[in-house]
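So you can see what is in the structure, the chains are spelled out below.
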Amino acid sequence: MKEKRILEGVLLERERQDRNMIMLEFNIRTDMVVMNYIYDGHDAGGDVHKKRHDHDPEIMDHETFEALKGKLYENNVPFKERRDAFI
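First, a word on what this report is: a plain description of the structure on this page.

Mapping N36 onto the fold places it in strand β2 (residues 33-39). On the basis of relative accessible area, N36 is assigned to the buried category, the value being 19%. When the C-alpha positions of N36 and L24 are compared, they lie 5.8 Å apart, and in sequence the two are 12 residues distant. Sequence-distant contacts of N36, that is, excluding residues within four places in its chain, are made with M23, L24, E25, N27 and P57.

Tracing the backbone through its elements, the reader meets E13 in helix α1 (residues 2-15). Setting aside residues up to four positions removed in sequence, E13 forms contacts with R19, M21, Y37, Y39 and H55.

In this section: the nonpolar core. Residues V10, L24, F26, M35, M60, L68 and L72 are the most contacted members of the largest nonpolar core, which totals 17 residues. When contributions to this core are tallied by element, the ones reaching two or more residues are α1, β1 (21-28), β2 and α2 (62-74). Excluding residues that lie within four positions of it along the chain, M35 makes contacts with I6, V10, L24, E25, F26, P57, E58, M60 and L68.

Here we come to the pattern of salt bridges. Under the definition given, this model contains 7 salt bridges. Linking E13 and R19 is a salt bridge whose minimum nitrogen-to-oxygen distance equals 2.7 Å. In terms of burial, E13 and R19 fall into one category: buried. Taken together, the salt bridges that share partners define one network made up of E66, K69, E81 and R83.

Owing to its 3.6 residues per turn, the α-helix brings residues three or four apart onto one side. Along its 14 residues, α1 runs 21 Å from first to last C-alpha, staying within 8% of the 20 Å computed at 1.5 Å per residue. Where α1 is concerned, the buried positions are E3, I6, L7, V10 and E13. Along the axis of α1, the buried residues cluster in a sector spanning 125°; they form a single face. Facing away from the buried side of α1 by over 90 degrees, the exposed positions are E8, L12 and E15. Buried-residue contacts for α1 involve β1, β2, β3 (58-60) and α2.

What counts and what doesn't
Residues numbered from 1 in each chain as written. Predicted model: local features only at pLDDT ≥ 70, side-chain atom pairs only at ≥ 80, totals over all residues. Heavy atoms only, no water. Helix = DSSP H or I, 4+ residues; strand = E, 2+ residues; numbered from the N terminus. Buried < 20%, exposed > 50% of the residue type's maximum accessible area, 1.4 Å probe, protein only. Contact = heavy atoms within 4.5 Å. Core = buried A, V, L, I, M, F, W, Y, C linked by side-chain atoms within 4.5 Å. Salt bridge = Lys/Arg side-chain N within 4 Å of Asp/Glu carboxyl O. Expected span 1.5 Å × (residues − 1). Arc of directions from axis to C-beta.

Below, the structure written as structure tokens:
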């Protein structure tokens, strides 16, 4: 059920007009998956004194990630998976 809540948040973030989310990035680790929102680098203007705050990362387990992947494909949400090996 957590994947439904995450998907709703992702779809809402895609609809925002003040920033342009272009994709998601999943950093897959041995004990968890961290989902980051990736935005385009262009600022849409507005108040130059207010720093834009992008969406916070989402932390999930591997089961939630696998369930969410199918829903992202269904909704045509682009994403990439990273499995970096840290020494």
